[in-house]
Amino acid sequence: MDVTKNYRAGTIITEVIMLLVGLLFLVPFYFLFVNSVKSFGDLLTSAASLPKSIEWGNYARAFEITRFPEAFLNSAVITIASNVLLVLISAMAAYKMVRRDSKFNRVLFVLFVAAMVVPFQSIMIPLVKVTSTLGLMNSIPGLIVCYLGFGVPMSVFLFHGFVKSIPLEIEEAATVDGSNAYGVFFRVVLPLMKPMLVTVFILNTLWIWNDYLLPSLMLQSQDLRTIPIATFAFFGQYTKQWDLALPALVMGILPVIVFFLSMQKYIIEGITAGAVKG
Amino acid sequence: MNRKKTSQMAQQIVFVGPAILFFILIIVVPFLLGLYYSFTNWNGVSGEVSWVGFDNYKQIFMHDSTFRDSFWFTAKFTVLGVVLTNVLGFFLAYFLTKPLKTRNFLRTIFFMPNVIGGLLLGFIWQFIFVKGFSAIGSATGLSFFNLPWLGTENTAFWAIIIVFVWQTAGYLMVIYISSLNNVPKDILEAAEIDGASRLQVLRTIIIPLIMPAATVCLFLAISWSFKMFDLNLSLTKGGPFGSTESVAMNIYNEAFSKNRYGLGTAKAIIFFVIVAVITSLQVKFTKSKEVEA
């Protein structure tokens, strides 16, 4: 009896302490949201207090200056197109590399694994040269090509581990039923890979959506700006104009926060699966 | 037989070909080109590129104090950042695997900073350090909050550490949670019956059993902190006085601000070697500590 009582008291104390830590984690968001609707004067005199009046006009102005719909659309197109293509070519490659265990494919797999430790910054300088020679500069399709290259090693690696766990008998049954190799992959294997498709999709989405450095090197035109680029350009122009900067930041993080809250279960599972395989 | 062989070849090309093509174009070719350019005086603009042998490397090791400074900043940051984010991530996970009523809610909160990109986080925290902290400082009178956080070299370093830990601890927490959930309950119960204290259980049972997760978490934290660019770009711009310039930023500036592409690629190659050596040593070391339940 005494033990359970102690145990409960201990749990309650843990719970309270953890809630306080959680509150501490939320403080930055409080500052961000509360101050984003303050007038400039209000914001300068008291950043910690609740707003005296709510200025939605801040949002309207920031929305216009950052050209938010355009930046959002660019980010969305780049993220979705890169993801779809990346998942497709990586799943196909990984499938064949597992099922056709040739020396070539084994060496290729080792190369992909080795490439995962190459930091982006160690090849970005010549990359700029390569992409401008190929005419990929300052274009969204060109940027997507880059994401395919950078995403392939990790995505193939994750699919590779997963394909190994798919029993060969299922494919053999489909072959007997008259499917050719492509039919077997698209109709039988690909649907079975769904859990790993979700994992790869989520890991790549968080990476591509938030990426700043690669698009900043690739995209120069103002109408091609992604959300991180538009935010950075905005800060270059409106230093210390917090009444405009904070609403711009709120709008910048909102899509990814909504994505996270609505896909949370898959994101947590995806990260766990990605880490265990990694 | 021959037709089967051709069809096998065609399949290999259709299935694996696209992945190889993009991989070669975007990673392999730039990597090899970078290796070549690191021995030249390429300036990025003129077509004229001449071979200079090891001059760039000599220049970096003997005369480039900014590279050395950025390296020490990155190394110091990596050591502290990796330790703190793993300790916090582990303890968040440890307490959130207890039967708390709010644990799902708390997991969401701890993880949330991680989905926001480093660039935007840096800008958000810039506001908090400049305006938020001083507001708390004047309300509470605590001198901790009245420090010029982004204004001095010492505090700016800690400012970046704070944001980095806040951002990444939740990610590592997720990995530690799944690992803690896999620690067999019967071993823990047996230890409890034998009268082991909570600290003993943690040290002799839980930590050895979650070493596979520690391998992954250390690897991730090391590569995040070593490659840091976005976060300090938006938070401090590498300042004050270049004191928070990371290696990645130093490479970027060498090439894209000073137009010394040859020198920049040599730095990039050194950077690659350092990252590869450190992460493979770490994985080797922690893997040797892994045990089976």
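Residues numbered from 1 in each chain as written. Chains lettered and ligands numbered in written order. Predicted model: local features only at pLDDT ≥ 70, side-chain atom pairs only at ≥ 80, totals over all residues. Heavy atoms only, no water.

Turning to the overall build of chain B, a few remarks are in order. Summing up its helical and strand segments, chain B has 13 helices and zero strands in all. When the helices and strands of chain B are placed in sequence order, the string is α-α-α-α-α-α-α-α-α-α-α-α-α. Overall size of chain B, expressed as C-alpha extent along the three principal axes, is 75 × 75 × 30 Å. Considering only residue pairs separated by 6 or more positions, chain B has 72% of its internal contacts joining residues 24 or more positions apart. Counting every atom, chain B has about 13,700 Å² of accessible surface; 64% of that belongs to carbon and sulfur. (Helix = DSSP H or I, 4+ residues; strand = E, 2+ residues; numbered from the N terminus. Contact = heavy atoms within 4.5 Å. Areas by Shrake-Rupley, 256 points an atom, 1.4 Å probe, with all protein chains shown as cover.)

All names here are of chain A. A full pass over the atoms with the stated rule returns seven salt bridges over all chains. Here K52 ties to D42 by a salt bridge, and the two come within 3.4 Å at their closest N and O atoms. Here K52, found in the loop between α2 (40-45) and α3 (57-65), pairs with D42, found in helix α2; they are ten residues apart in sequence, far enough to count as distant. For K52, a relative accessible area of 68% corresponds to the exposed category. (Salt bridge = Lys/Arg side-chain N within 4 Å of Asp/Glu carboxyl O. Buried < 20%, exposed > 50% of the residue type's maximum accessible area, 1.4 Å probe, protein only.)

Moving on, we get to the confidence of the model for chain A. Mean pLDDT over chain A works out to 89, with 96% of the residues at or above the 70 mark. Averaged over each element, pLDDT in chain A is lowest for α2 of chain A (82) and highest for helix α4 (residues 68-99) of chain A (96). (pLDDT = per-residue confidence, 0-100.)

So, on to the UniProt feature "transmembrane region" (unreviewed entry) in chain A. Residues and elements named next belong to chain A. The residues that UniProt annotates with the feature "transmembrane region" (unreviewed entry) are residues 12-33, 71-95, 107-128, 140-163, 184-209 and 244-261. Taken end to end, residues 71-95 is 100% helix and 0% strand, and its two terminal C-alpha atoms sit 36 Å from one another. Here residues 107-128 is 64% helix and 0% strand, with 28 Å between the C-alpha atoms at its ends. (UniProt positions renumbered as here; feature names shortened; annotations may be inferred.)

Facing the 82 residues of chain A at the interface are 77 residues of chain B. Buried area between chain A and chain B, summed over both chains or domains, comes out near 7,600 Å², and the portion from carbon and sulfur atoms is 83%. Looking at the side of chain A facing chain B, the largest losses of area belong to M18, F25 and I125 of chain A, adding up to 10% of the total buried there. Linking chain A to chain B there are zero salt bridges. Linking chain A with chain B are twelve residue pairs in polar contact (both at pLDDT 80 or more). The residue inventory of the side of chain A that touches chain B, partitioned by class, reads 64 nonpolar, 13 polar and five charged. (Buried area = accessible area lost by both parts, 1.4 Å probe. Polar contact = N/O pair within 3.5 Å; in protein donor to acceptor, adjacent residues only side chain to side chain. Nonpolar A, V, L, I, M, F, W, Y, C, P; charged D, E, K, R; others polar.)

Right, let's get into the UniProt feature "domain: ABC transmembrane type-1" (unreviewed entry) in chain A. The UniProt record marks residues 72-263 of chain A with the feature "domain: ABC transmembrane type-1" (unreviewed entry), using the residue numbering of this structure. Between the C-alpha atoms that bound residues 72-263 of chain A there is a distance of 19 Å. The span itself is 79% helix and 0% strand.

This part takes up the packing of helix α7 (residues 140-163) of chain A against helix α1 (residues 2-37) of chain B. When two helices pack together, their arrangement is captured by the angle between the axes and the distance separating the axes. Look at α7 of chain A against α1 of chain B: their axes get within 8 Å of each other, and the N-to-C directions meet at 105°. Taken as axis vectors, α7 of chain A and α1 of chain B run roughly perpendicular relative to one another. Across from V145, C146, L148, G149, F150, V152 and P153 of chain A in α7 of chain A, the residues of α1 of chain B making contact are A19, F22, F23, I26 and I27 of chain B. Its residues placed into classes, the contact of α7 of chain A with α1 of chain B shows eleven nonpolar, one polar and no charged. (Axes fitted to C-alpha atoms, helices over the stretch in contact; angles between N-to-C directions. Parallel < 35°, antiparallel > 145°, perpendicular 65-115°, else oblique.)

Attention now moves to the UniProt feature "domain: ABC transmembrane type-1" (unreviewed entry) in chain B. Per the UniProt record, the feature "domain: ABC transmembrane type-1" (unreviewed entry) sits at residues 71-282 of chain B. Counting secondary structure, residues 71-282 of chain B comes out at 78% helix and 0% strand; the distance between its end C-alpha atoms is 19 Å.

Let us look at the packing of aromatic side chains. Aromatic ring pairs are defined here through the distance separating the ring centres and the angle between the ring planes. Residues and elements named next belong to chain B. What the rule picks out here adds up to 59 aromatic pairs over all chains. Taken together, a centroid distance of 5.1 Å and an interplanar angle of 80° make the contact between F31 and F272 edge-to-face. Remark: F272 occurs in helix α13 (residues 261-288) and F31 occurs in helix α1; sequence separation between them is 241 residues. Residue F272 is classed as buried on the basis of its relative accessible area of 17%. Measuring from ring centre to ring centre gives 5.1 Å for F133 and F145, while their planes differ by 80°; the resulting arrangement is edge-to-face. Taken as a pair, F133 in helix α5 (residues 118-140) and F145 in helix α6 (residues 143-146) lie far apart in primary sequence, twelve residues in all. The class of F133 is buried, set by a relative accessible area of 9%. A residue is classified by how much of its surface remains accessible, and F145, at 16% relative accessible area, is buried. (Phe/Tyr/Trp six-rings, centres within 6.5 Å; stacked < 30°, edge-to-face > 60°.)

With that out of the way, let us pick up the UniProt feature "transmembrane region" (unreviewed entry) in chain B. Residue and element names in this part refer to chain B. Within this structure's numbering, the places UniProt gives as "transmembrane region" (unreviewed entry) are residues 12-37, 71-97, 109-136, 156-177, 205-226 and 261-281. Each end of residues 71-97 is marked by a C-alpha atom, and these two atoms are 38 Å apart; helix forms 96% of the span and strand 0%. Secondary structure over residues 261-281 splits into 100% helix and 0% strand, and the C-alpha atoms at its two ends are 30 Å apart.

Okay, unusual backbone geometry next. One non-glycine residue with positive phi stands out, namely N138 of chain A, at about 55°. By the element assignment, N138 of chain A lies in the loop between α6 (124-133) and α7. Residue N138 of chain A is classed as partly exposed on the basis of its relative accessible area, which comes to 27%. Backbone geometry at F241 of chain B places phi at a positive 55°, although glycine is not the residue there. Here F241 of chain B lies in the loop between α11 (230-235) and α12 (247-256).

When pLDDT is averaged along chain B, the result is 90; 99% of the residues meet or exceed 70. For this predicted complex, the interface confidence score (ipTM) comes to 0.90, while the overall pTM stands at 0.92.

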